Amino acid sequence: MALPSTAPPGGAPAPPLQQRTAPRLGSIDLLRGAVIVLMALDHVRYFVSDARFDPTDPARATVALFFTRWVTHFCAPVFMFLAGLGAWLSLGRGRDVASLSRFLWTRGLWLVLLEVTFARAAWQFNFDYGYTSALVLWALGWCMVALAGLVRLRPESAGWTGVGMIVAHNMFDGLQAAELGPLGPLWMILHEPGTITLAPGVELFVLYPLVPWIGVMAAGYGFGPLFRRPPAERDRLCLRLGLGLTAAFVVLRLVNGYGDPAPWAVQATPWRTALSFLNTTKYPPSLQFLLMTLGPAIALLPRLDCARGPLAGAVRTFGRVPLFFWLLHVPVIHLAAVALSVGRYGAVIPWLVRNPPAAAPQGYGYSLAVVYAVTIAVVAALYPVCRWFAGVKQRRRDGWLGYL
């Protein structure tokens, strides 16, 4: 993953931060908004779908189910990368490095707090803290805390540090938390998903280990100086870099060696073999997974500047208020699942309100048509309030708005 030089063409020194401007870029908002909508689809699928197995299992999934899940793999990597890019762009909007660092670590800790309070209640619909999950807000928050330190480096240094984490972390796939004794829980936080026992009867399930998510956000920050370049040159470099990363994924996957702990395998039919080829590891995200998702997203980014019309405008609106949307959409989707449960069973099924290992009843769930219908309904219902809040953020500059 190559990073652009921070020097403008011709070797001229970069202008001081206070002399640069970084207007809000519609392409970034549009890309962020698109992955926000895909995230909603994934969460509706989790609560509503009748597929009670891994939807990316190439031996069991239909093509429609597989790609309904696979396309949502772009959400976390793109969001993390754009968070790093957004941090760099904020330096051109009146922030200096010191204030950016302070904002990142305070907002990061705020996100971690939201994960274990509001988000936990939204996912579980209970207050039994015998079980808590460390999910995407947890990872995003701690990545921001880490980036608060990395922004003290030159952007290219921070970026290459992130690239190194992305490329090298699969070297440690063979190291298991169970082998590390007292350091095992720390390894789960950093690299290996698993359950940490905090106290008797109190468990923390870490689904999003921090490495290499920290690397993804740092790479996004290091990517930022490319936006100093003239738009035509910037777009050309984005396209070349994105296509190069995508090609690197294809080559590494074909070799079936380094870069993912789960190699693809020949299946019963050619199309299932193709699904196996695309079924890379997300927890933690492998090098191949990140190449597969970030490559196309970076290549697509310049093309999004041309998107017009009401649909593109609506998606951009979601991209301007991503955390606000997140905090609303999980409880709304969960409530929709509760309503469907009451309509079908006459009661709320325990799976929707209890901690694991509670399981959905046999035959629970609905077809993909219902999953997509509920997704459209949820997104449409949340659009007016997101549009209102985006307007508030545009009109006002209150410091607390930056935390939502």
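All of the points below concern the structure found in this document. What you see is a predicted model; the values in this text were computed from it and never measured. (Residues numbered from 1 in each chain as written. Predicted model: local features only at pLDDT ≥ 70, side-chain atom pairs only at ≥ 80, totals over all residues. Heavy atoms only, no water.)

### Some details on the overall build of the chain
Point 1. Helix and strand counts for the chain come out as 14 helices and three strands.
Point 2. Against the 2.2 N^0.38 benchmark of 22 Å for 404 residues, the chain shows a C-alpha radius of gyration of 21 Å, consistent with a compact globule.
Point 3. Burial statistics for the chain: of 404 residues in total, 51% are counted as buried.
Point 4. Working note: accessible area of the chain is about 17500 Å², and carbon and sulfur atoms make up 68% of it.
Point 5. Here the chain holds 33 positive side-chain charges and 18 negative ones, and the gap between their average locations is 11 Å. (Helix = DSSP H or I, 4+ residues; strand = E, 2+ residues; numbered from the N terminus. Rg over C-alpha atoms; globule rule 2.2 N^0.38 Å. Buried < 20%, exposed > 50% of the residue type's maximum accessible area, 1.4 Å probe, protein only. Areas by Shrake-Rupley, 256 points an atom, 1.4 Å probe, with all protein chains shown as cover. Lys, Arg positive; Asp, Glu negative; His and termini not counted. Charge placed at Lys NZ, Arg CZ, Asp CG, Glu CD.)

### Remarks on the sheet that holds strand S3 (residues 202-206)
Point 1. The sheet built from three strands is open, its strands ordered S1-S3-S2 with mixed pairing. Either end of the sheet is taken by a strand with one partner, and the two such strands are strand S1 (131-134) and strand S2 (194-199). Pairwise comparison of adjacent strand axes, ignoring direction, gives a mean angle of 25° for this sheet.
Point 2. The pairing of S1 with S3 spans four bridges and is parallel. Residue pairing in the sheet places Tyr131 in a bridge with Glu203 of S3. (Pairing = 2+ DSSP bridges. Axes fitted to C-alpha atoms, helices over the stretch in contact; angles between N-to-C directions.)

### Digging into the environment of Pro261
Point 1. Within the secondary structure, Pro261 sits in the loop between helix H9 (231-255) and helix H10 (270-278).
Point 2. It is 24 Å that separates the C-alpha atoms of Pro261 and Leu243, two residues lying 18 residues apart in sequence.
Point 3. Each residue touching Pro261, except ones within four places of it in the same chain, is listed here: Asn170, Asp173, Thr281 and Ser286. (Contact = heavy atoms within 4.5 Å.)

### As for the pattern of salt bridges
Point 1. Within the structure shown, the criterion is met by nine salt bridges.
Point 2. One salt bridge connects Glu156 with Arg154, and the closest N-O pair in it is separated by 2.9 Å.
Point 3. A relative accessible area of 52% places Arg154 in the exposed class.
Point 4. Between Arg234 and Asp235 there is a salt bridge, with its nearest N and O atoms 3.2 Å apart. Summarising the burial analysis for this pair, Arg234 and Asp235 share the class buried.
Point 5. Here the salt bridges share partners, and the residues they tie into one network are Asp29, Arg32 and Arg320. (Salt bridge = Lys/Arg side-chain N within 4 Å of Asp/Glu carboxyl O.)

### Some words on the packing of aromatic side chains
Two measures describe an aromatic ring pair: the distance that separates the ring centres and the angle between the ring planes.
Point 1. For the structure shown, the criterion picks out 21 aromatic pairs.
Point 2. Centre to centre, the rings of Phe81 and Phe223 are 5.2 Å apart; their planes meet at 55°, and the pair counts as tilted. Placement of the pair is Phe81 in helix H3 (residues 75-90) and Phe223 in helix H8 (residues 213-223), with a sequence separation of 142 residues. Each member of the pair, Phe81 as well as Phe223, carries the same accessibility label: buried.
Point 3. Here the aromatic cluster, defined as three or more aromatic residues joined through ring pairs, consists of Tyr46, Phe47, Trp123, Trp351 and Tyr364.
Point 4. Taking the ring centre of Trp351 as reference, the NZ or CZ of Arg52 above it sits at 5.0 Å. (Phe/Tyr/Trp six-rings, centres within 6.5 Å; stacked < 30°, edge-to-face > 60°. Lys NZ or Arg CZ within 6 Å of the ring centre and 35° of its normal.)

### Here we look at the packing of H3 against helix H5 (residues 136-150)
Point 1. Packing of H3 against H5 brings their axes to within 11 Å, and their N-to-C directions diverge by 30°. Seen from above, H3 lies across H5 with right-handed handedness. Listed contacts from H5 to Phe79, Met80, Ala83, Gly84 and Ala87 of H3 are Val136, Ala139, Leu140, Cys143 and Leu147.
Point 2. In terms of residue class, the contact of H3 with H5 is made up of nine nonpolar, one polar and no charged. (Left-handed = near helix turned anticlockwise from the far one by under 90°. Nonpolar A, V, L, I, M, F, W, Y, C, P; charged D, E, K, R; others polar.)

### Describing empty space enclosed by the protein
Point 1. In total, this model carries one cavity of 30 Å³ or more according to the counting rule given.
Point 2. Estimated volume of the largest cavity: approximately 40 Å³.
Point 3. Surrounding the largest cavity, Leu31, Val78, Phe81, Leu82, Ala297, Ile298 and Leu301 form its lining.
Point 4. For the lining of the largest cavity, the leading source of residues is H3, giving three residues.
Point 5. The residue makeup of the lining of the largest cavity, split by class, is seven nonpolar, no polar and no charged. (1 Å grid on protein atoms, 1.4 Å probe; cavity = no way out; pocket = protein on both sides within 12 Å on 5 of 7 lines; lining within 4 Å. Points joined across faces, edges and corners; volume = space filled by probe spheres on them.)

### Some thoughts on the packing of helix H4 (residues 97-124) against H5
Point 1. Remark: H4 packs on H5, axes separated minimally by 7 Å, with the N-to-C direction vectors making an angle of 160°. The angle between the axes of H4 and H5 places the two elements in the roughly antiparallel class. The chirality of how H4 crosses H5 is left-handed. Two secondary-structure elements touch here, H4 through Ser101, Leu104, Trp105, Arg107, Gly108, Leu109, Leu111, Val112, Leu114, Glu115 and Ala119 and H5 through Val136, Leu137, Trp138, Leu140, Gly141, Trp142, Met144, Val145, Leu147 and Ala148.
Point 2. Tallied by class, residues from the contact of H4 with H5 come to 16 nonpolar, three polar and two charged. (Parallel < 35°, antiparallel > 145°, perpendicular 65-115°, else oblique.)

### A short note on the environment of His43
Point 1. Here His43 lies in helix H1 (residues 26-48).
Point 2. The buried category is assigned to His43, whose relative accessible area is 11%.
Point 3. Taking the C-alpha atoms as reference points, His43 and His334, separated by 291 residues in sequence, lie 8.9 Å from one another.
Point 4. Dropping the residues within four chain positions of it, His43 is found in contact with Trp123, Trp326, His329, Val330 and Ile333.

### Structural notes on unusual backbone geometry
Point 1. In this model, Val211 is joined to Pro212 through a cis peptide bond whose omega is 10°.
Point 2. Structurally, Pro212 can be placed in the loop between S3 and H8.
Point 3. Look at Phe125: it is not a glycine, yet its phi comes out positive at around 55°.
Point 4. Position of Phe125 among the secondary structure elements: in the loop between H4 and S1.
Point 5. With a relative accessible area of 28%, Phe125 lands in the partly exposed category.

### Digging into H3
Point 1. The end-to-end C-alpha separation of H3 is 22 Å, in line with the 22 Å expected for 16 residues at 1.5 Å each.
Point 2. The element H3 is extensively covered by neighbouring structure, given that 14 of its 16 residues are classed as buried. (Expected span 1.5 Å × (residues − 1).)

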